[in-house]
Amino acid sequence: MDQKFETQSDYYQILRSQMLADADAVTDDKQLEVFRVKYLGRKGLISSLYEEIAQAPADQKPVMGKKVNDLRVEVTKIIEEKKGTLGQKDKIENRSSLDVTLPGVASSIGHQHILTQTVNDICGLFEKLGFVVQDGPEIETEFNNFAALNIPIEHPSRDAFDTFYLDCKDPSNPNRNLLLRSHTSPGQIHIMQKSKPPLAVVIPGKVYRPDAVDASHSFMFHQIEGLLVDKHVRFSDLKGLLTHFCKKFFSDDIKMRFRPHFFPFTEPSAEVDISCYICKGKGCSVCGRKGWLEIMGCGMVHPKVFEAVGYKKGEYTGLAFGMGVERIAMLKHGINDIRIFFENDSRFLKQF
Ligand code: PHE
């Protein structure tokens, strides 16, 4: 046997203890690189051992190969571990150079948008009276947005609720397209189709109309629908309910006015005005010198609507109302341009 290989085992031992000592002495990234090159580099100690194996007799090769391999694995592992500990050390050293007495960067805390607050305040008042808050889809069928609400195709009142049509057929009626709801009233249809009276719900959400945008119009705004259906609901219940709501929401000393109006889905119908809480009814720029502010539409559910949802004729009566959230927030806070709600300007949003 070649002389050199008789001492091979000792050689590995010595090399390994040398390697461990070298590794111990490594204290930074530069030294680690020198260490790596010394052992694993192309001309490093371990590579030269592989060359020796190539020269060795065949029966020695497996034993030697294993030893060299073990050594290579050990060196690689040590390098990886060192990388980790040096990285940690680096971080700690950097941290100690941080001046912890410097003022930090305060992260700003957001809050609910004024429209969300208004929706919550309004719905909260109705919830106290036993109403349940419900959701309705923004994409609707023509049936729910119009026909079921007693707005036939050729009826001129459809113009008032004209909307955006989608390029998408209604699966339940392939001759018609789906649309974006132009009011929250189709929510009434969903609720009544799903459940039987007694019902008391408020349905807040976005609605869409192809209006040109200006200080008082937006193609998208929010409404809150209210619906109460039972056996003996009367117009006086509607008046009492909305008077209670307006006094709680605006102020106890406002006056109410129910002005006759027309909605296809309620009969009789009314528009609700409150006395201007700024000028107390005397007339000012907010109320356009009228002394009254229009705040919502309402009425008794039309029998045709009950028919459309399959309720038995004459069995129930109901009241419904619908209000614009932006309009109410504008009146309450003296905001004179609807566009500002949607501009995301924090100087405006921070005020509420
Ligand atoms: N949907 C009506 C509108 O958008 C409001 C309304 C709702 C009126 C319920 C009466 C009853 O103008």
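Quick caveat, the model's predicted, so the values are computed rather than measured.

K.L.:
Go over the site of the ligand with me, naming the residues and quoting the values.
P.N.:
The environment of the ligand is formed by 15 residues, the closest being H183, S185, R209, Q223 and E225. Separating a nitrogen atom of the ligand from a side-chain N or O atom of H183 is a distance of 3.0 Å. When the ligand is considered free in solution it has 320 Å² of accessible area, and contact with the protein chains removes 92% of it. Within the residue set of the shell around the ligand, elements represented by two or more residues are β6 (220-230), β9 (292-301) and β10 (317-324). Looking at the shell around the ligand element by element, the count peaks at three residues for β10. Its residues assigned to classes, the shell around the ligand shows six nonpolar, seven polar and two charged.

K.L.:
Let's hear about the confidence of the model for the protein chain: which residues, and what values?
P.N.:
Averaged over every residue, the pLDDT of the protein chain is 91; the share at 70 or more is 97%. Segment residues 1-5 is flagged for pLDDT under 50; beyond a separation of four residues in sequence, or across chains, it makes seven contacts in the model.

K.L.:
Lay out the packing of aromatic side chains in plain terms, naming residues and giving numbers.
P.N.:
Inspection of the entire model under this criterion finds 14 aromatic pairs. Geometrically, the ring pair formed by F235 and F258 is edge-to-face, given 6.5 Å between the ring centres and 70 degrees between the ring planes. Of the two residues, F235 sits in helix α9 (residues 235-249) while F258 sits in strand β7 (residues 256-263), which places them 23 residues apart along the sequence. What links up through ring pairs into an aromatic cluster is the set F126, F131, F245, F249, F250, Y277 and F321.

Criteria and cut-off values
- Residues numbered from 1 in each chain as written.
- Predicted model: local features only at pLDDT ≥ 70, side-chain atom pairs only at ≥ 80, totals over all residues.
- Heavy atoms only, no water.
- Near = heavy atom within 4 Å.
- Polar contact = N/O pair within 3.5 Å; in protein donor to acceptor, adjacent residues only side chain to side chain.
- Areas by Shrake-Rupley, 256 points an atom, 1.4 Å probe, with all protein chains shown as cover.
- Helix = DSSP H or I, 4+ residues; strand = E, 2+ residues; numbered from the N terminus.
- Nonpolar A, V, L, I, M, F, W, Y, C, P; charged D, E, K, R; others polar.
- pLDDT = per-residue confidence, 0-100.
- Contact = heavy atoms within 4.5 Å.
- Phe/Tyr/Trp six-rings, centres within 6.5 Å; stacked < 30°, edge-to-face > 60°.

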